[in-house]
Amino acid sequence: MNVIKKSQMIIRNKKLIGVISILVGVGIIGYLVFVSKVAFTGHKTDALVTGFVVHQNGARKVQNENSSIKKPLKGRSPFVKFTTENGQEVEAHSKILQLFSVTGYHEGEKVNVSYNPENPQEIFVMSLKEIPGLLLLFGFGILLIMVGKSYLFWLFAKKYGKE
């Protein structure tokens, strides 16, 4: 009689996976804090959506807002144009992940932005449309931290017989 064994994936270094998961999770949450701190500390002004970001060989601007219509769950980060308090005209783009093209930004739409006066390219678009991307990245960061923690503390419990 032949017995067929199910193949199992063997993870040889669980501690390393735990540490990497925690570091990536903390990195994602740190990125969110860095990007969104401008919302609380920056200068607020009105801006106009002038295009959308395409990430191919770096971030570049396109005018066609319908190019993501075939992929309705893939949104486009907006390029916005605004004038700083000292009269400098700036065009920058949102660094937050956009999820839905249906509820996304439209060319010519007026939005509020918060910008860093020392580096006006550092902006945060003050809109509810930014929340889904923030929540997704935050949730993914927390998930990675929890997975990493479970790997590390599972090893700790196994080592000291508290399993």
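The structure presented is a predicted model; accordingly, all values stated were derived computationally and were not measured.

1. Section: the environment of leucine 97
Inspection of the secondary structure puts leucine 97 in the loop between strand S4 (89-93) and strand S5 (110-116). Put simply, leucine 97 and glutamate 130 are 33 residues apart on the chain and 7.6 Å apart in space, counted from C-alpha to C-alpha.

2. Some words on the pairing of strand S6 (residues 119-125)
Burial within S6 is extensive, with 5 of its 7 residues counted as buried. Pairing of S5 with S6, which is carried by 4 bridges, proceeds in the antiparallel orientation. Considered in S6, the bridge of tyrosine 115 is made with isoleucine 123. Counting the residues that bridge the hairpin from S5 to S6 gives 2 residues.

3. What to know about the confidence of the model for the protein chain
Low pLDDT marks regions whose predicted coordinates should not be analysed in detail. For the protein chain, mean pLDDT is 81; residues scoring 70 or higher make up 74% of the total. The weakest mean pLDDT in the protein chain belongs to strand S2 (residues 59-62) at 60; the strongest belongs to S5 at 94.

4. Quick word on the packing of aromatic side chains
All chains considered together, the criterion is met by 1 aromatic pair. An angle of 35° between the planes, with centres 5.2 Å apart, marks the rings of phenylalanine 82 and tyrosine 115 as tilted. Of this pair, phenylalanine 82 sits in strand S3 (residues 78-83) while tyrosine 115 sits in strand S5, and the two are 33 residues apart along the sequence.

5. A closer look at the nonpolar core
Nonpolar side chains tend toward joint burial in soluble globular proteins. Counting residues in hydrophobic clusters, the biggest one holds 13 residues, and the most contacted among them are Val80, Phe82, Val111, Val113 and Ile123. Taken together, the elements giving at least two residues each to this core come down to strand S1 (43-55), S3, S4, S5 and S6. Phenylalanine 82 has contacts with Thr45, Asp46, Ala47, Gln88, Glu89, Val90, Val113, Tyr115, Pro120 and Ile123, leaving out every residue within four places of it along the chain. In terms of nonpolar packing, the next biggest core, distinct from the first, is built from 10 residues, Ile28, Val38, Ile96 and Leu137 among them.

6. A look at the side chain of glutamate 130
The topology assignment puts glutamate 130 in the loop between S6 and helix H3 (131-159). No salt bridge forms around the buried glutamate 130; measuring N to O, its nearest opposite-charge neighbour lysine 129 is 8.8 Å away. In contact with glutamate 130, not counting residues within four places along its chain, are Ser94, Ile96, Gln98, Tyr105, Phe124 and Val125.

Thresholds applied
Residues numbered from 1 in each chain as written. Predicted model: local features only at pLDDT ≥ 70, side-chain atom pairs only at ≥ 80, totals over all residues. Heavy atoms only, no water. Helix = DSSP H or I, 4+ residues; strand = E, 2+ residues; numbered from the N terminus. Buried < 20%, exposed > 50% of the residue type's maximum accessible area, 1.4 Å probe, protein only. Pairing = 2+ DSSP bridges. pLDDT = per-residue confidence, 0-100. Phe/Tyr/Trp six-rings, centres within 6.5 Å; stacked < 30°, edge-to-face > 60°. Core = buried A, V, L, I, M, F, W, Y, C linked by side-chain atoms within 4.5 Å. Contact = heavy atoms within 4.5 Å. Lys, Arg positive; Asp, Glu negative; His and termini not counted. Salt bridge = Lys/Arg side-chain N within 4 Å of Asp/Glu carboxyl O.

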